[in-house]
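Results of the structural survey
One letter stands for each residue in the lines below.
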Amino acid sequence: MSREITVLDGGMGRELLKSGAPFKQPEWSALALIEAPEYVERAHDAFIAAGAEVITTNSYAVVPFHIGDERFAERGLELVDLSGKLARSAAGRAGGRVLVAGSLPPVFGSYRPDLFDGEKAPEILSVLVQGLSPHVDFWLAETQGSLIEVEAIRRALGDDQRPLWLSYTLDDRNGVRDVIAGKWAPRLRSGETVAEAAAKAVELGASALLFNCSQAEIMEAAINAARISLQESSLHAAIGVYANAFVPRPESTEEIKANSGLGSLREDLDPPGYLTFARRWVDAGASIVGGCCGIGPEHISEIKTTFKPEPVAA
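What you see is a predicted model; the values in this text were computed from it and never measured.

Packing of helix H10 (residues 219-232) against helix H11 (residues 271-284) leaves a shortest axis separation of 9 Å and a crossing angle of 10°. The angle between H10 and H11 places the two elements in the roughly parallel class. Of H11, the residues touching H10 (which contributes Met219, Glu220, Ile223, Asn224 and Arg227) are Arg280, Trp281 and Ala284. In terms of residue class, the contact of H10 with H11 is built from four nonpolar, one polar and three charged.

Below, the structure is given as structure tokens:
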């Protein structure tokens, strides 16, 4: 099978943990940058070897929420810059066939748009943008849970002309059960609809609209909703998906406590299992596919060989 898709990398954090890199809460994937950056570079290399055409900077956890206010003030810019340099170095070894996406995370914690602070966000985002700017080919605002979060990122980028991809995380607390029951409606974790998210992405000049770090079962419905919304509004943006492999999260928002421990991973989302979902996403209209937390190089290899196989030598 050969489709015109772009293959992303997978989840940096769990790949670092699997490889033996320094890894603990609350620093998460930032700890390797601080103590052993060679592991970050190896992870980038592993995803490229698996077939990733885009690698994402390991800047997701370089925010006060993960590394603390004092360390961020003292070393935040240095660490963000290092994450960009490591990704650019890995892409360079690939001979120019791999692009570097600058990761702009939810700066007050994953899955918690209710914690967003509009007064503090610009200062944090400015450090991320400044540190990544010399190294990235485009910007990837990922795991965004509300429209106000992506608006803050667009402001932080100012007049930067590089492409912007916006990736939202979806409210999947009842997702698997409700998809099976045929009653799940795709919404962001803020409660805003995918249609609203699609319109906002285009309004902010995004060239791609993605969904990430949510359950694999709910992504197809989100793709369909986004595609229909874009078509009805005569708007255009590429659509992409990179799901996580987490066991479903608790139903109550109050029970989701980032940095409280490592989430368990699903056994059914091995490479063939994840590929089953990826086929559905592409059939539904996704042209960008990769993986988030718990999705490793072996999953990316399965996607690459399925959708973009190497030509057979004559």
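Next comes the rest of the account.
Moving on, we get to the environment of Ala152. Here Ala152 shows up in helix H7 (residues 147-157). Taking the relative accessible area as the measure of exposure, Ala152 reaches 8% and is therefore buried. Distance in space between the C-alpha atoms of Ala152 and Pro122 is 7.0 Å, their sequence separation being 30 residues. Setting aside chain neighbours within four positions, we find Ala152 in contact with Phe116 and Leu125.

So, on to the UniProt feature "binding site: Zn(2+)" (unreviewed entry) in the chain. Here, the residues flagged by UniProt with the feature "binding site: Zn(2+)" (unreviewed entry) are Cys213, Cys292 and Cys293. Look at the named residues: they lie 81 residues apart in sequence, but the longest C-alpha span between them is just 6.7 Å, so in the fold they bunch up. Structurally, the position occupied by Cys213 is in the loop between strand E6 (208-212) and H10. Residue Cys213 is classed as buried on the basis of its relative accessible area of 3%. Mapped onto the fold, Cys293 is located in the loop between strand E8 (288-289) and helix H12 (297-307).

In this model, Gln25 is joined to Pro26 through a cis peptide bond whose omega is 5°. One non-glycine residue, Tyr111, adopts positive backbone phi at about 70°. Along the chain, the position of Tyr111 falls in the loop between strand E3 (99-104) and helix H6 (121-132). Its identity is not glycine, yet Ser234 carries a phi of approximately 55°, on the positive side. Counting through the fold element by element, Ser234 comes out in the loop between H10 and strand E7 (238-242).

What counts and how
- Residues numbered from 1 in each chain as written.
- Predicted model: local features only at pLDDT ≥ 70, side-chain atom pairs only at ≥ 80, totals over all residues.
- Heavy atoms only, no water.
- Axes fitted to C-alpha atoms, helices over the stretch in contact; angles between N-to-C directions.
- Helix = DSSP H or I, 4+ residues; strand = E, 2+ residues; numbered from the N terminus.
- Parallel < 35°, antiparallel > 145°, perpendicular 65-115°, else oblique.
- Contact = heavy atoms within 4.5 Å.
- Nonpolar A, V, L, I, M, F, W, Y, C, P; charged D, E, K, R; others polar.
- Buried < 20%, exposed > 50% of the residue type's maximum accessible area, 1.4 Å probe, protein only.
- UniProt positions renumbered as here; feature names shortened; annotations may be inferred.

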